[in-house]
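What follows is the residue order along each chain.
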Amino acid sequence: MRNEAPIISEISRVRRQWTSTQVRDYIAALPIWNEPVEIRQKFGGLTNRTYFAYVNDKPKVAIRVGFDQYRTRQTSVIQCTLAAYELGLGPRLIYAEPNLSVTDFVEGNGMQLEQMKDPAIMRRIIDRMKVIHAGRHAVRETISYWWPFDTVRRYMDSMATGKAGTGWKPSPWADRLPRYRQITDRLERGIGAFLPTFTHNDMAFVNMIISPSGEIMLIDWDGGAFGHPLFDLGEMLMWAEADEPTCVMALEHYYGSLTYAGMHQRLTEVHSFQTIAALRLVTECLETDLDPFYHVTPEEFAEGMKEVLPGQTPALIGLAEMLLPRFEALWEQYEELFPA
């Protein structure tokens, strides 16, 4: 388990329909343990199952189990995890097979939402973003390309048609889709030409850990891809509920000084990404709510919500209802930047 080079198997054994107990038992039987371990499920991941392996009652490694769904492709997740470790941004990969990966446990405290709003911490997060975005050299194999506007459109297509497993019954929110589509198109037109870079694409506080030395580490590379670097910045600012001066500060920290025209264009792009980041999460929750074959059960999702967002309705609809007002507030504030 402690060899530097990860063990990577191409044989798929984990099954989507397995219960959390079946997954735990499979992990316990992996041929990588050289000492007795206890496998415990860790709630908080909203799109995959996470377990920790404990030795002498201390967590030693983290195990992530997930499947191709929505924007996530597992082969890309593994390559992004390897690249993040090479860049000093994330944990070392120990073992991987399709739908399962094992990494070193990251010591430290999970980032809290209120911490992310602190300008000093925000600047430290941006410093880590810049390492990611300059890190294409660490990506050794093919990874995904991700464009948030097209992802939202695909989610809305599923919401409009429903899914086969539930008899093609459209989402209860289907009547809102024409407006959401128009907003998506308008937001997309605010983005100028750019060079795709290595990006994380899920800059939520739950995916950041502050190490004992104060270093910020990034986990959960489900959304890792080549994409627009300002999406990472915009999504972080969306979660932090940043005001305009904070957005300006963030852009100046990322780019240095900008001309008036340059700042205007970058602000337009960041505001577009803030708004689409909120809508992406809303529509992802609503599409997932239609999927009877979703890997994480409603009960597991509820436990995760209680862990990372206490006080919210512990269900997919709870996350959608939390973020919908944020999306509407962002659109109301910035709509004039995106003419019809």
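Residues numbered from 1 in each chain as written. Predicted model: local features only at pLDDT ≥ 70, side-chain atom pairs only at ≥ 80, totals over all residues. Heavy atoms only, no water.

Below, the discussion takes up the overall build of the protein. For the protein, the helix and strand inventory stands at 11 helices and 11 strands. Relative to the 2.2 N^0.38 estimate, which gives 20 Å for 340 residues, the radius of gyration of the protein is 20 Å and therefore close to what a compact globule would have. Taking the principal axes of its C-alpha atoms as reference, the protein extends roughly 60 × 50 × 40 Å. Per-residue burial over the protein gives 55% buried out of 340 residues. Here the contacts in the protein between residues at least 6 apart in sequence split such that 74% fall between residues at least 24 apart. In the form shown here, the protein has an accessible surface area of approximately 15000 Å², with 53% of it arising from carbon and sulfur atoms. One finds the centroid of the 34 positive side-chain charges in the protein at a distance of 3 Å from the centroid of its 44 negative side-chain charges. (Helix = DSSP H or I, 4+ residues; strand = E, 2+ residues; numbered from the N terminus. Rg over C-alpha atoms; globule rule 2.2 N^0.38 Å. Buried < 20%, exposed > 50% of the residue type's maximum accessible area, 1.4 Å probe, protein only. Contact = heavy atoms within 4.5 Å. Areas by Shrake-Rupley, 256 points an atom, 1.4 Å probe, with all protein chains shown as cover. Lys, Arg positive; Asp, Glu negative; His and termini not counted. Charge placed at Lys NZ, Arg CZ, Asp CG, Glu CD.)

Here we come to the packing of helix 5 (residues 148-161) against helix 9 (residues 260-288). One can describe the packing of helix 5 onto helix 9 by two numbers: an axis separation of 9 Å at closest approach and a directional angle of 30°. Here helix 5 is positioned roughly parallel relative to helix 9, judged by the angle of their axes. Where helix 5 crosses over helix 9, the handedness of that crossing is left-handed. Residue-level contacts link Pro148, Phe149, Thr151, Val152, Tyr155, Met156, Ser158 and Met159 of helix 5 to Ser272, Phe273, Ile276, Leu279, Arg280, Thr283, Glu284, Leu286 and Glu287 of helix 9. Among the residues making up the contact of helix 5 with helix 9, the classes are represented as 10 nonpolar, 4 polar and 3 charged. (Axes fitted to C-alpha atoms, helices over the stretch in contact; angles between N-to-C directions. Parallel < 35°, antiparallel > 145°, perpendicular 65-115°, else oblique. Left-handed = near helix turned anticlockwise from the far one by under 90°. Nonpolar A, V, L, I, M, F, W, Y, C, P; charged D, E, K, R; others polar.)

Turning our eyes to something else, we now look at unusual backbone geometry. At Tyr70, a position not held by glycine, the phi torsion is positive, near 55°. Residue placement: Tyr70 occurs in the loop between strand 4 (58-65) and helix 2 (74-86). You can call Tyr70 buried: its relative accessible area is 18%. Positive phi, close to 70°, is recorded for Asn201, a residue that is not glycine. Relative to the helices and strands, Asn201 is located in the loop between strand 8 (197-199) and strand 9 (208-210).

Enumeration according to the criterion identifies 26 salt bridges in this entry. With its nearest N and O atoms 2.5 Å apart, the salt bridge here joins Asp57 to Arg40. With Asp57 in the loop between strand 3 (49-55) and strand 4 and Arg40 in strand 2 (residues 38-42), this residue pair connects regions lying 17 residues apart in the sequence. We classify Asp57 as exposed; its relative accessible area is 57%. For Arg40, a relative accessible area of 27% corresponds to the partly exposed category. Bridged by salt links that share partners, the residues Glu114, Lys117, Glu241 and Arg326 form one connected network. (Salt bridge = Lys/Arg side-chain N within 4 Å of Asp/Glu carboxyl O.)

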